[in-house]
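# Coordinate inspection notes
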Amino acid sequence: MWRALTTRERLLLGLVGAIVATTAALEYGGASDVAVFLVAALALAGVAWVVSFSTEAVGERFGPALTGVLQSTLGNLPELFVVLFALSAGELVVAQYSILGSLFANALLVLGLVILAGSRAAGGVMRFGRRLPNDTATLLLLAIFIISLLGFSDQAGDRASQHQVEISAIGAVVLLAVYGVWLFFYLRDEKGGEPVTPRVPLALSVGLLAVAGVAAAFVSDWFVGSLDSAIETLGLSREFTGLVIVGIAGNAVENVVGVVLAHKGRNDLAISVVKNSVAQIAVFLFPALVLISLFFETRLTFVLPTVYIAALFLMAISVWQTTQDGEAMAFEGLALVGFYIILAVLTFYE
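A brief report on the enclosed structure follows. (Residues numbered from 1 in each chain as written. Predicted model: local features only at pLDDT ≥ 70, side-chain atom pairs only at ≥ 80, totals over all residues. Heavy atoms only, no water.)

### What to know about a nonpolar patch on the surface
Test applied: The patch calculation keeps residues exceeding 30% relative accessible area without a salt bridge and links them within 9 Å when they carry like charges or within 5 Å when they are nonpolar (Val, Leu, Ile, Met, Phe, Trp, Tyr). To be clear on the numbers: accessible area is Shrake-Rupley with a 1.4 Å probe, and residue cover counts the displayed protein chains and nothing else. For this document, the term salt bridge refers to a Lys or Arg side-chain nitrogen within 4 Å of an Asp or Glu carboxyl oxygen. In this description a helix means any DSSP run of H or I spanning at least four residues, a strand means any run of E spanning at least two, and both kinds are numbered starting from the N terminus.
Taken together, the side chains of Leu141, Phe313, Leu314 and Ile317 make up a nonpolar region of the molecular surface, amounting to roughly 350 Å² of accessible area. Counting residues per element, the nonpolar patch draws most heavily on helix H13 (residues 306–323), at three residues. Summarising the element assignment, Leu314 is placed in helix H13.

### Details of helix H7 (residues 164–189)
The following threshold applies: Every helix has an expected span of 1.5 Å times one less than the residues it contains. Remark: exposure states derive from per-residue accessible area (1.4 Å probe, protein chains only) relative to the maximum for the residue type, with buried under 20%, exposed over 50%, and partly exposed in between.
Counted at 1.5 Å a residue, the expected span for H7 with its 26 residues is 38 Å, and the 37 Å between its end C-alpha atoms agrees. Within H7 the residues assigned to the buried category are Gln164, Ser168, Ala169, Gly171, Ala172, Leu175, Tyr179, Trp182, Leu183 and Tyr186.

### Considerations on the nonpolar core
To be explicit about the condition: By nonpolar core is meant a set of buried Ala, Val, Leu, Ile, Met, Phe, Trp, Tyr and Cys residues that side-chain atoms within 4.5 Å join together. Here, residues are in contact when the closest pair of their heavy atoms is within 4.5 Å.
Core analysis: the biggest nonpolar cluster contains 111 residues, and Phe104, Phe223, Phe302 and Leu312 have the highest contact counts within it. No other element matches helix H5 (residues 92–121), which puts 16 residues into this core. Contact partners of Leu312, with chain neighbours within four places excluded, come to Leu100, Leu103, Phe104, Ile144, Ile147 and Leu304.

### So, the environment of Ala137
Residue placement: Ala137 occurs in helix H6 (residues 131–156). Here Ala137 falls in the buried class, since its relative accessible area comes to 8%. On a C-alpha basis, the gap between Ala137 and Lys275 in space is 9.3 Å, while along the polypeptide they are 138 residues apart.

Following this line, the structure appears as structure tokens:
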């Protein structure tokens, strides 16, 4: 079965395995929290790539719509575990900003790089289907509507602000219901796709996916366990750690496949992978974690600082403006990357 993989893929899988093993050795060998933190962050990125690679291999048997949904669902495993372990450790800020980081990394950094690669491969203008970008914008705005209401209510200190957990839970159910209905019709209507002959055996793909899922759970636990001491030593804020480090480790590397697909001219699949990730984080992963957190002592809500509410709204508008007409140029992709860099710098100084 391994012969179906290229030499480069086998080397990368071996490298990821070595990094995960090194993280385990540092964790159980009594190494410093800084060493565990740094190597675990690298291991998170590696595990995210394995999840992405194996999911893409499974998804080759389906069209771009289902492949994109499958990849974004399973590709969010590292972020899911990081947030769960952060909540169990009482690290609410890290949990919130890890979700924000996933959103911003996918919608700005990764999408921007995909547009840059796709427009360059297409000779100037990257073209793709219009439905998914517009659907994603609607789902994003719905999530931001709930986040904005709770955020402004919290700032005003009105009566509703005393019931943030309850309102967040009800909002989460609404988001999940809307996402479920959208997903049903999206998959039903987008059955067609680019025919691709599966290269990697199904058994190998599923096996890699299972191993990567288990590794994601362990690495996330080690990462969060070393967090408190490491960020104090390195002088980083919890906000920057969640939004940038976790965001890039769990998303930019995971979705590098989108950049590769765009470079190959498979624009619809490239956009599907990234846009489905954005939609899933906003209206599936975030609300699901809000509901799961009800069983934790530390509760996750949709209440966020005003500056990030504004950033989310501007992000949604920027992404919609860039992709709503079914085409994008290189400077638009570069602009999205620029937005992400500015946001990361702001968060660094928070």
